[in-house]
Amino acid sequence: MGILNGGLKAERHNYATTADETYKAMLDLLRNSKTFTLKARNDKKQACIFTTGVTAFAWGEDLVATVDAADTGSSVSALVRSKTKHAPLTQIHKNKKDIELFFSELDQKLGSASAQ
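Anyway, here's the lowdown on the structure attached to this text. (Residues numbered from 1 in each chain as written. Predicted model: local features only at pLDDT ≥ 70, side-chain atom pairs only at ≥ 80, totals over all residues. Heavy atoms only, no water.)

### Some remarks on the overall build of the protein
Part 1 of the argument: Summing up its helical and strand segments, the protein has two helices and six strands in all.
Part 2 of the argument: Within the protein, buried positions represent 42% of all 116 residues.
Part 3 of the argument: Contacts in the protein between residues at least 24 apart in sequence constitute 55% of all its contacts with a sequence separation of at least 6.
Part 4 of the argument: Within the structure as shown, the protein displays about 6700 Å² of accessible surface, and the carbon and sulfur contribution to it stands at 53%. (Helix = DSSP H or I, 4+ residues; strand = E, 2+ residues; numbered from the N terminus. Buried < 20%, exposed > 50% of the residue type's maximum accessible area, 1.4 Å probe, protein only. Contact = heavy atoms within 4.5 Å. Areas by Shrake-Rupley, 256 points an atom, 1.4 Å probe, with all protein chains shown as cover.)

Next comes the structure, spelled out in C-alpha cells:
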C-alpha cells in the first residue's frame, strides 16, 4: 500500500451482483453498522462517504466507497480521505484495518469477492 489519502491506495473488490444490488447492500451495511457512520451519499454516482468516528487513537478519517458496473457484475472501490496532509504510521495501520473491515462486512452481505 502506498502513502496516499491517509496512507492507502484505493482497494477494489469485485462482486457477482449488479451495481444496483451492490450499492443497495453497501447502503444497508452503512446504515446498520456498529462501526461505520454514513455521512453522505450520491445515488446517481453510487458513492458514499462514511466514517469510523473519533477515538482516543484516531481522527475519524472519512472513507469513500464507489460502486461501478463490471463485466461480471460490479466492483466497489474504497479509500480513506485523510483529514490531514500526512498521516502518522499508527493512523495508516488503522486506516488499512478500517478498509479491510468494510470489505469483510460487504463480502459477508454479498458473498465472497475477489480483491484487486
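There is more to say, and it comes next.
### Section: the packing of aromatic side chains
Part 1 of the argument: Considering all chains together, one arrives at four aromatic pairs under this definition.
Part 2 of the argument: With a centroid separation of 5.3 Å and 80 degrees between ring planes, the pair formed by Phe36 and Phe50 is classed as edge-to-face. Taken together, the positions of Phe36 in the loop between helix 1 (19–32) and strand 2 (37–42) and Phe50 in strand 3 (residues 47–51) put the pair 14 residues apart, joining distant regions of the chain.
Part 3 of the argument: For Phe50, a relative accessible area of 0% gives the class buried.
Part 4 of the argument: Here the aromatic cluster, defined as three or more aromatic residues joined through ring pairs, consists of Phe36, Phe50, Phe102 and Phe103. (Phe/Tyr/Trp six-rings, centres within 6.5 Å; stacked < 30°, edge-to-face > 60°.)

### Focus on the pairing of strand 3
Across a regular strand the side chains alternate sides, sitting on one face of the sheet and then on the other.
Part 1 of the argument: Taking burial as the measure, the five residues of strand 3 include four buried ones, the bulk of the element.
Part 2 of the argument: The pairing of strand 2 with strand 3 spans five bridges and is antiparallel. Counted as the bridge partner of Thr37 is Thr51 from strand 3.
Part 3 of the argument: Turn length for the strand 2-strand 3 hairpin, with the two strands adjacent in sequence and antiparallel, is four residues, and the turn residue Gln46 shows positive phi of about 50 degrees.
Part 4 of the argument: In this sheet, strand 4 (residues 62–70) lies alongside strand 3 in antiparallel orientation, the contact comprising five bridges. Of the residues in strand 4, the one forming a bridge with Ala47 is Thr66. (Pairing = 2+ DSSP bridges.)

### Focus on the pattern of salt bridges
Part 1 of the argument: Summed over the entire model, instances satisfying the criterion amount to five salt bridges.
Part 2 of the argument: Of the charged contacts, one joins Arg41 and Asp43 as a salt bridge, the two residues approaching to 2.8 Å between their closest N and O atoms.
Part 3 of the argument: Residue class for Arg41 comes out partly exposed when judged on its relative accessible area of 40%.
Part 4 of the argument: Using a relative accessible area of 41% as the deciding quantity, one classes Asp43 as partly exposed.
Part 5 of the argument: Residue Lys96 is joined to Glu100 by a salt bridge in which the shortest nitrogen-to-oxygen separation is 3.4 Å. (Salt bridge = Lys/Arg side-chain N within 4 Å of Asp/Glu carboxyl O.)

### Some details on the environment of Ala16
Part 1 of the argument: Position of Ala16 relative to the elements: it lies in the loop between strand 1 (11–15) and helix 1.
Part 2 of the argument: Judged by its relative accessible area of 75%, Ala16 is exposed.
Part 3 of the argument: Counting along the chain gives 59 residues from Ala16 to Ser75, while the straight-line C-alpha distance between them is 8.7 Å.

### Description of the environment of Lys109
Part 1 of the argument: By secondary structure assignment, the location of Lys109 is in helix 2 (residues 89–110).
Part 2 of the argument: With 81 residues separating them along the chain, Lys109 and Asp28 place their C-alpha atoms 9.3 Å apart.
Part 3 of the argument: Once residues lying within four places of it in the same chain are set aside, the contact partners of Lys109 are Ala25, Asp28 and Leu29.
Part 4 of the argument: For Lys109, the side chain forms a polar contact with the side chain of Asp28, separated by 2.7 Å. (Polar contact = N/O pair within 3.5 Å; in protein donor to acceptor, adjacent residues only side chain to side chain.)

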